[in-house]
Structure formats: structure tokens, C-alpha cells
Amino acid sequence: MISIPARPFNFEAPLSQIALIVVDMQRDFLEVGGFGSSLGNDVERLRSIIPSLLSLINTFRKYNAKIIYLKEGHKPDLSDCPNSKFRRGENEYKIGDLGPLGRILINGEPGNQIIPELSPKIGEIIIEKPGKGGFYKTNLNEQLESLKISHLIFSGVTTEVCVQSTMREAMDRGYETLIVEDATESYFAQFKKSTLEMIISQGGIVGCISNVATIMNSLETRPI
Ligand code: TIU
């Protein structure tokens, strides 16, 4: 059993039932020329979490704990991109356009790859998702059920869009959820702050919150 000090409640489960979810740490959001920067955003804010998230990932690897990476992207023919999403934003490039990192937000393109600093290892699960939430039109739920995972630790980008959407979807499906405050980031400081406050308000209406050092310490010192 592992017990992670968190607010407003501690996060407790056998390590075998916990998975680290790494949301959309792909070049499209973290490198100039991708989807995020084409929306007019400064990617440097997001890049600031790379070292802390890498430490967390490596601790999970050390203890053979489950890590699942999500990637936002669409089929090359855009058949899974609804018009409501395609039309959004006054972008330099639209979804599917050819940009400096290949076609914007398209599965398999250079911009769709996880950033090299956080490259998944063989055996770690990568799930492509067409939506902001990780459960929509994916087999994430089935994969978690087959692994007997009940507790999800959320990291990645952006806090208020894909991370929060996936966390809410997870909570509705009965998973216990925690967000790691220094392993998630937004292009907007205020949005991150407000999202974290929202998640833990009302007694943890969406889940609880902790940080990388606390989680690492809980894993390192857990009773065997
Ligand atoms: N991954 C994710 O959050 N997708 C976005 O489009 N986020 C923005 O903040 N735009």
C-alpha cells in the first residue's frame, strides 16, 4: 500500500493499482511550429515542467509502476475531427495543414511525437486520442480495466484543457484521481491556478492534488 499526502484527502492504493497518466507531452504543444504555438501561445511555459515530470516518470519506471502516455491527434483524412473543433482558433495553421513539424495535430507526423526528452520506453502504453479527453473514442478504459488500475495520477499539458477533461472523464468512470501541480502546466498562469483550485474545491470535487517530491518520497519509502 502506498499513501501519498495530498489535498484535500490523501491518495492511497497498492502501487499495482496506480497508473501515471502523461497527457499530450508531444511536440505539437511543446515546440515552436506546432499546434500550440500556431494558436499564438508561448511554449516555454509548458517546457518548464519537463525536468520534474521526467523525475516522476523515472521513479515510476524504477518501481515498475504503470505509465500511460496520451497524444492528441487526428487521422490523416480528418474523419475523426469534427467541424466544431476544426473551425476553432485564428491559427497560423489549421489542423491538418503542413507546418514546420509536419501536418498539424495529425497522428504519425513529427509534431505528434512525444518530445524526445520524455520518449516512452518499450512496453509503456501510448494512446492516440482525437478529443481533449483521453477516454473519448479510445480504449483507455479497457486498458485500465485489464491492468486492474483504479487510481490515476495526472501530469502533462494543458492543465485546463486535456488534463482536466481527462481527469473529469476518469472521475465519472469511478477512478480515484490526483493531479501533480508541478508536473502539469498551461499556456496561461491564471488558468492553471484556477483549474487546480477548482479540482480540489468542494472537498475534492474532481480529485486531489500533490507534487512530484511528495509522490516520489511516498514511492521510495512505502512499506514493502
Ligand atoms: N492537450 C491539450 O491540452 N490540447 C489543447 O488544445 N490545449 C490547449 O490549451 N490549447
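Residues numbered from 1 in each chain as written. Predicted model: local features only at pLDDT ≥ 70, side-chain atom pairs only at ≥ 80, totals over all residues. Heavy atoms only, no water.

## What to know about the side chain of Ser-37
Going by this rule: Numbering goes from the N terminus for both helices and strands, where a helix is a DSSP run of H or I of at least four residues and a strand is a run of E of at least two. For the purposes of these results, a polar contact is taken to be a pair of N or O atoms within 3.5 Å, where, inside protein, one atom must be able to donate a hydrogen and its partner to accept one; residues adjacent in sequence count only when each atom of the pair is a side-chain atom. Contacts are assigned to residue pairs that have any heavy atoms within 4.5 Å of one another.
Turning to its location among the elements, Ser-37 is positioned in helix α2 (residues 35–38). At 2.8 Å, the side chain of Ser-37 and the backbone nitrogen of Gly-33 are in polar contact. Separated by 3.4 Å, the side chain of Ser-37 and the backbone nitrogen of Gly-34 make a polar contact. Among residues more than four places away in sequence, those in contact with Ser-37 are Glu-31, Val-32 and Val-43.

## Some points on the pattern of salt bridges
For the record, the criterion: Here, a salt bridge means any side-chain nitrogen of Lys or Arg that lies within 4 Å of a carboxyl oxygen of Asp or Glu. Residue exposure (1.4 Å probe, protein chains only): buried if accessible area is under 20% of the type maximum, exposed if over 50%, otherwise partly exposed.
Taken as a whole, this structure holds 11 salt bridges when the rule is applied. The salt bridge partner of Glu-31 is Arg-27, with a shortest N-O separation of 2.6 Å. Residue Arg-27 is classed as partly exposed on the basis of its relative accessible area of 23%. What emerges from the salt-bridge pattern is a single network uniting Arg-45, Glu-185 and Lys-192.

## Let's talk about the site of the ligand
Applied cut-off: Any residue with a non-hydrogen atom lying within 4 Å of a molecule or strand is treated as near it. To measure how exposed things are, a 1.4 Å probe is used in the Shrake-Rupley method; for residues, cover is taken only from the protein chains shown.
Near the ligand the following residues occur: Asp-24, Phe-29, Phe-35, Leu-39, Glu-72, Lys-132, Val-157, Thr-158, Val-161, Cys-162 and Tyr-187. At a separation of 2.9 Å, a nitrogen atom of the ligand approaches a polar side-chain atom of Glu-72. In this structure, Cys-162 approaches the ligand through a main-chain N or O atom, which is 3.1 Å from an oxygen atom. In the complex, 91% of the free accessible area of the ligand, which totals 280 Å², lies under the protein chains.

## Overview of the sheet that holds strand β7 (residues 125–129)
The strands making up a sheet associate through hydrogen bonds between their backbones, and the pairing can be parallel or antiparallel. So the rule is basically this: We treat two strands as partners when DSSP finds at least two bridges between them. Here, axes are lines fitted to C-alpha atoms. For helices the fit covers the stretch in contact, and angles between N-to-C directions go from 0 to 180 degrees.
Strand order in this open sheet of 6 strands is β7-β4-β3-β8-β9-β10, and the pairing throughout is parallel. The open sheet is flanked by β7 and β10 (208–210), the only strands paired with a single partner. In this sheet, neighbouring strand axes are inclined to one another by 25° on average, regardless of whether the strands run parallel or antiparallel. Both strand β8 (residues 151–157) and strand β9 (residues 176–185) contribute to a ladder of 6 bridges, which runs parallel. The residue of β9 that forms the bridge with Val-157 is Glu-185. On top of the sheet, helix α8 (residues 189–204) reaches β9 and β10; it is set at about 165° to β9, its chief contact.

All quantities given are derived from atomic positions and should not be read as evidence of function.
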